[in-house]
Amino acid sequence: MTKVIGVRFRTAGKIYYFGPKDIEFRRADHVIVETARGVEYGTVVLPNMEVDDSKITQPLKNVIRKATEDDDEREKRNREKEKDAYKICQEKILKHGLEMKLINAEYTFDNNKVLFYFTADGRVDFRELVKDLAGVFRTRIELRQVGVRDETKILGGMGICGRPLCCHTYLADFAPVSIKMAKEQSLSLNPTKISGICGRLMCCLQNEAEVYEELNAKLPRVGDTVTTPDGLKGEVRDTNVLKQLVKVVVEVDDEKELREYAVSELKFKPRHKKSPDEKAEKGQKRGKNKDNKNRKTHEEIEEELELEELERLEQKDGKSKLDDD
């Protein structure tokens, strides 16, 4: 076990471990530490504690010192300088006619490097831009291409739920999200309703995915045949995942009735993954005498293509590139 503190360098950023030496730190204290990017100003989010050696990336660096008032003032000046650096870089991008969108400018605490974050559709040859910027700032220049998720994480905003974006407030990294999660939660598969303001699948789909997956596994599927506690056989018409209730169409005295049962009262075969043959057979069965109803409209085809594109972009984006060393 090793004594460490956890430090962040940006809101909702990755947490890095440093040795506290003999200093006692509290949450929200500011510290000066040495990183791969140089000397940095960070905020303590995990005060003095012991962690297993396997969780530490060696060599573990110690904090240089607890931040002083002078350090706080310097950090404040750096934030002001970043606004000017952003404007200058934006002007240089226009001058060189580069197809890139500048997102943010960031000074290291010791001013040994200025980082510029940008998005672009493809690769950008910014060698001349770097030379131009180096001539202006007289320090090391780094341009880092990030994805649209990182752009949103930096800029922030409000989600459709009316709350500040998860990625900007507490998510240190982006969890993998998929269309399957939306299906498991019976959400609308309209791309505009399951996408965040970044244009990717909403991160919050991951929040309850595991619970829904577990609860859905206990339920029959719509269209399955079940046996009720009355000994009747019926077809599942609808399910309530959270309440674990099932609506079943049963035939009583030559009349069909819709009844609701707790899933624990029903008998049915547990879910299993369907083979390609079973899927084809089910598709043919549903297709009989319903060709006209099942014909997809132009809007439905467009929606499916948008969903496929969302899935492709989700796999392409990968992890956040903000905290890459």
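Here is a short report on the structure shown in this document. (Residues numbered from 1 in each chain as written. Predicted model: local features only at pLDDT ≥ 70, side-chain atom pairs only at ≥ 80, totals over all residues. Heavy atoms only, no water.)

1. Describing the pattern of salt bridges
Working step 1: In this structure the tally under the stated criterion is 17 salt bridges.
Working step 2: In this structure, Lys-101 and Glu-151 form a salt bridge, with 2.5 Å as the shortest nitrogen-oxygen distance. Here Glu-151 lies in helix H3 (residues 148–155) and Lys-101 lies in strand E6 (residues 101–107), a separation of 50 residues in the sequence.
Working step 3: One salt-bridge network, held together by shared partners, links Arg-10, Arg-37, Glu-40 and Glu-106. (Salt bridge = Lys/Arg side-chain N within 4 Å of Asp/Glu carboxyl O. Helix = DSSP H or I, 4+ residues; strand = E, 2+ residues; numbered from the N terminus.)

2. A closer look at H3
Working step 1: Judged by how many residues are buried, H3 sits mostly within the fold: six of eight residues are covered.
Working step 2: Downstream of H3 by a residue or two, Gly-156 has a phi angle that is positive, lying close to 75°. (Buried < 20%, exposed > 50% of the residue type's maximum accessible area, 1.4 Å probe, protein only.)

3. Things to note about the sheet that holds E6
Working step 1: One open sheet accounts for three strands, arranged E6-E7-E8; its pairing is mixed. Of all strands in the sheet, those bounded by a partner on one side alone are E6 and strand E8 (140–145). Taken over all neighbouring pairs, the strand axes of this sheet differ in orientation by 20° on average, direction set aside.
Working step 2: Note that strand E7 (residues 113–119) and E8 share six bridges and pair parallel. Paired with Tyr-117 across the bridge in E8 is Arg-144.
Working step 3: Across the sheet, helix H2 (residues 127–137) is in contact with E6, E7 and E8; its angle to E8 comes to roughly 140°.
Working step 4: Lying over the sheet, H3 contacts E6 and E7, oriented at roughly 55° with respect to E6. (Pairing = 2+ DSSP bridges. Axes fitted to C-alpha atoms, helices over the stretch in contact; angles between N-to-C directions. Contact = heavy atoms within 4.5 Å.)

4. As for the pairing of strand E10 (residues 233–240)
Working step 1: Where strand E9 (residues 225–227) meets E10, three bridges bridge the pair, whose relative direction is antiparallel. If you follow Thr-227 over to E10, its bridge partner there is Lys-233.
Working step 2: As consecutive antiparallel partners, E9 and E10 are separated by five residues, and within that stretch Gly-231 has a phi angle of approximately 85°, a positive value.
Working step 3: Examined bridge by bridge, E10 and strand E11 (residues 245–252) share six bridges and lie antiparallel to one another. The partner of Asn-240 across the bridge, within E11, is Leu-245.
Working step 4: Counting the residues that bridge the hairpin from E10 to E11 gives four residues, and of these Gln-244 lies at a positive phi of roughly 55°.

5. Here we look at the nonpolar core
Working step 1: With 17 residues, the main nonpolar core has Met-100, Phe-116, Leu-133 and Leu-143 as its most contacted residues.
Working step 2: For this core, the elements supplying multiple residues, two or more each, are helix H1 (69–96), E6, E7, H2 and E8.
Working step 3: With near-sequence residues (within four places) excluded, Leu-133 lies in contact with Cys-89, Lys-92, Phe-116, Arg-138, Ile-141 and Leu-143.
Working step 4: Within the second largest apolar cluster, 12 residues are counted, among which are Tyr-212, Val-248, Val-263 and Leu-266. (Core = buried A, V, L, I, M, F, W, Y, C linked by side-chain atoms within 4.5 Å.)

6. Description of the pairing of E11
Working step 1: Across eight bridges, the pairing between E11 and strand E12 (residues 255–262) is antiparallel. Within E12, the residue paired with Val-246 across the bridge is Tyr-261.
Working step 2: Taking the residues between adjacent antiparallel strands as the criterion, E11 and E12 are bridged by two residues, where Asp-253 takes a positive phi near 50°.

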